[in-house]
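Structural description and commentary
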Amino acid sequence: MHIHILGICGTFMGGLAALARELGHEVTGADRAAWPPMSTRLRELGIEPVIGFDPAQLEAEPDLVLVGNVMSRGMPIVEALLDSGLDYLSGPEWLGAQVLPGREVIAVTGTHGKTTTSGMVAWLLREAGLEPGFLIGGAPGNFDRTARLGSGRHFVIEGDEYDTAFFDKNAKFLHYRARTVIINNIEHDHADIYADVDAVLRQFHLLLRRTPGGGRLIVNGADGNIARLLEQGCWTAVERFSAGSAADATADWRAERVEGARARFHCASGEAEGVVELPGPHNLSNALAALAAAHRAGVDLERACRALGGFRPPARRLQLVGRYGADADIALYDDFAHHPTAIRLTLESLKQDHSRVLAVFEPASNSMRSGAHLARLPAALDGAEHVWLVPSGSLQWDPAAAFAGVSHVTPCADAAEAAQAAAASVHPGDAVVFMSNSGASGGAQLLAAALSK
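Remember, predicted model here, so these are calculated numbers, not experimental data.

Below, the discussion takes up the pairing of strand β21 (residues 386-389). Residues of β21 alternate between two faces, with His386 and Trp388 on one and Val387 and Leu389 on the opposite face, all of them buried. As judged from the three bridges shared by β21 and strand β22 (residues 409-411), these two strands associate in the parallel manner. Bridge assignment links valine 387 to a residue of β22, and that residue is valine 409.

Okay, here's the thing in structure tokens:
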């Protein structure tokens, strides 16, 4: 079968391309632009993405067109597709119908931590010899691809609450029929889709309505919105996790730091120690959720804890880019910061190990650009000694006005100006972090070049 994918360079759709190739299909695709690492990985699969959405690409008459959620009504290629009579599906619909039937699906959901936790679960199952399939919405550190069919019965998927396609405005995760569902947290995000947190909760409750009674929900017991969700009705057994020094003693899964990166994990069947090579209490929580899911899949707790020591975080999740200065004591990080809570946690994590934290921040997500999170941004950025703000191309608010009177935030014209300013302000022992859910400005690379001088 010839499958043509519209929006193929997105992480999710590119992952579908890899799965389709493993299934033996001929795969082509198009996107607005092709950028690493996805463009590189597609070419490794023998797929050269078409740049642009010229309707002429449909003249090849593919057997099936998979439509990414970057496509919308009014685009010439979408109108041509609808007029052509060609068969089309959304990516999640195809995945749910062609890849996941017969698999034990583990879906990792929540506003934050999905990519890291999905990678952890896949890694723990892989190290236990279960050979899971997976589709992860980022570049996982332990695997050379974002998606793989796997030979085992389990399939780990990052369960995104973002909408599915222009013809299906419900969350992607509703197509996966998962039996094990992790819910890390729930906050208002994707303001272009959801008006408020109640709209987000409605999608999560549809997910609960689809989760079988014989399955399992693994949820953050400290999250108030998750508690509200469960009060709306739940028909599946629930395991709660709680991490950190204030962990709830009644939670089914608990964890606390022992020293450095070492942590102790507790559950009803016992306790074990493991190494979590990730900074910050939020990653301890991610590890706890992953352990619970792996244990549910049959992995021994001690074996899973040992495997944690070999876990490598996904790209751009507080990723150490390099060390600079005469004594290599200035650390540069690249982080996917997309939400005020994630920004605050990232800065808190870095402050644990560095004398000061300097940040270059690019508000690039739809919610950030629209101003939906604007009221919470000043407090979220308080953890940095200084922040240089880089406006994205379609910012709908004025940075100078928004941060008037906030002395430690300086709006800049572009990423190059911000990188130079940050490099000129750095001291030995500092951490410098580029924070954006888009790498289009090249902020991390510009900082690396400026710091190397």
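Our focus in this paragraph is the pattern of salt bridges. Within this structure, the stated rule accounts for 16 salt bridges. Across the salt bridge formed by glutamate 161 and lysine 114, the nearest N and O atoms sit 3.6 Å from each other. Linking glutamate 161 in the loop between β9 (154-158) and β10 (163-165) with lysine 114 in helix α5 (residues 114-127), this pair joins segments that are 47 residues apart in sequence. Considered together, glutamate 161 and lysine 114 belong to a single accessibility category, that of buried residues. Salt bridges sharing partners connect three or more residues here, namely Glu104, Arg153 and Arg179.

Here the focus is the sheet that holds strand β18 (residues 319-324). Hydrogen bonds between backbone atoms are what pair the strands of a sheet, whose relative direction is either parallel or antiparallel. With mixed pairing, six strands are arranged side by side in an open sheet as β18-β19-β23-β20-β21-β22. A single partner strand is all that each edge strand has here, and the edge strands are β18 and β22. Geometrically, the sheet is characterised by an average inter-axis angle of 20 degrees between neighbouring strands, direction not taken into account. Here strand β20 (residues 357-361) pairs with strand β23 (residues 431-435) via five bridges, running parallel. Bridge assignment links valine 360 to a residue of β23, and that residue is phenylalanine 434. Sheet strands touched by helix α15 (residues 443-452): β18, β19 (330-335), β20 and β23. Its angle to β19, the strand with the most contacts, is close to 170 degrees.

Turning next to the state of the cysteines. Taken as a whole and assessed by the stated rule, the structure comprises zero disulfides. Of all cysteine sulfurs, the one in cysteine 305 lies closest to cysteine 267, which takes part in no disulfide; the gap is 8.6 Å. A residue is classified by how much of its surface remains accessible, and cysteine 267, at 12% relative accessible area, is buried.

Moving on: the packing of α5 against helix α9 (residues 301-308). At a minimum axis separation of 9 Å, α5 and α9 run at an interaxial angle of 120 degrees. Seen from above, α5 lies across α9 with right-handed handedness. Contacts between α5 and α9 involve Met120, Trp123, Leu124 and Glu127 from the former and Arg303, Ala304, Ala307 and Leu308 from the latter. Here the contact of α5 with α9 is built from residues that sort into six nonpolar, no polar and two charged.

Okay, the sheet that holds strand β2 (residues 26-31) next. The five strands are arranged β3-β2-β1-β4-β5 in an open sheet whose pairing can be described as parallel. Both edges of this open sheet fall to β3 (50-51) and β5 (88-90), since each of them pairs with a single strand only. In the packing of helix α4 (residues 91-98) onto the sheet, the strands contacted are β1 (2-6), β4 (64-67) and β5, and the crossing angle to β5 comes to about 95 degrees.

Looking now at helix α14 (residues 415-425). Inspection of α14 places Ala415, Ala418, Ala419 and Ala422 among the buried residues, and these make up the whole buried set. The arc that holds the buried residues of α14, viewed along the axis, is 100 degrees, so those residues lie on one side. Considering only its buried residues, α14 is in contact with β20, β21 and α15. Measuring from the backbone nitrogen of alanine 416 back to the side-chain oxygen at the start of α14 gives 3.3 Å, which picks out aspartate 414 as the cap.

Taken together, the buried positions of α15 are Gly443, Ala444, Leu447, Ala448, Ala450 and Leu451. Buried residues in α15 make contact with β18, β19, β20, α14 and β23.

Definitions and limits used
- Residues numbered from 1 in each chain as written.
- Predicted model: local features only at pLDDT ≥ 70, side-chain atom pairs only at ≥ 80, totals over all residues.
- Heavy atoms only, no water.
- Buried < 20%, exposed > 50% of the residue type's maximum accessible area, 1.4 Å probe, protein only.
- Helix = DSSP H or I, 4+ residues; strand = E, 2+ residues; numbered from the N terminus.
- Pairing = 2+ DSSP bridges.
- Salt bridge = Lys/Arg side-chain N within 4 Å of Asp/Glu carboxyl O.
- Axes fitted to C-alpha atoms, helices over the stretch in contact; angles between N-to-C directions.
- Contact = heavy atoms within 4.5 Å.
- Disulfide = S-S within 2.5 Å.
- Left-handed = near helix turned anticlockwise from the far one by under 90°.
- Nonpolar A, V, L, I, M, F, W, Y, C, P; charged D, E, K, R; others polar.
- Arc of directions from axis to C-beta.
- Polar contact = N/O pair within 3.5 Å; in protein donor to acceptor, adjacent residues only side chain to side chain.

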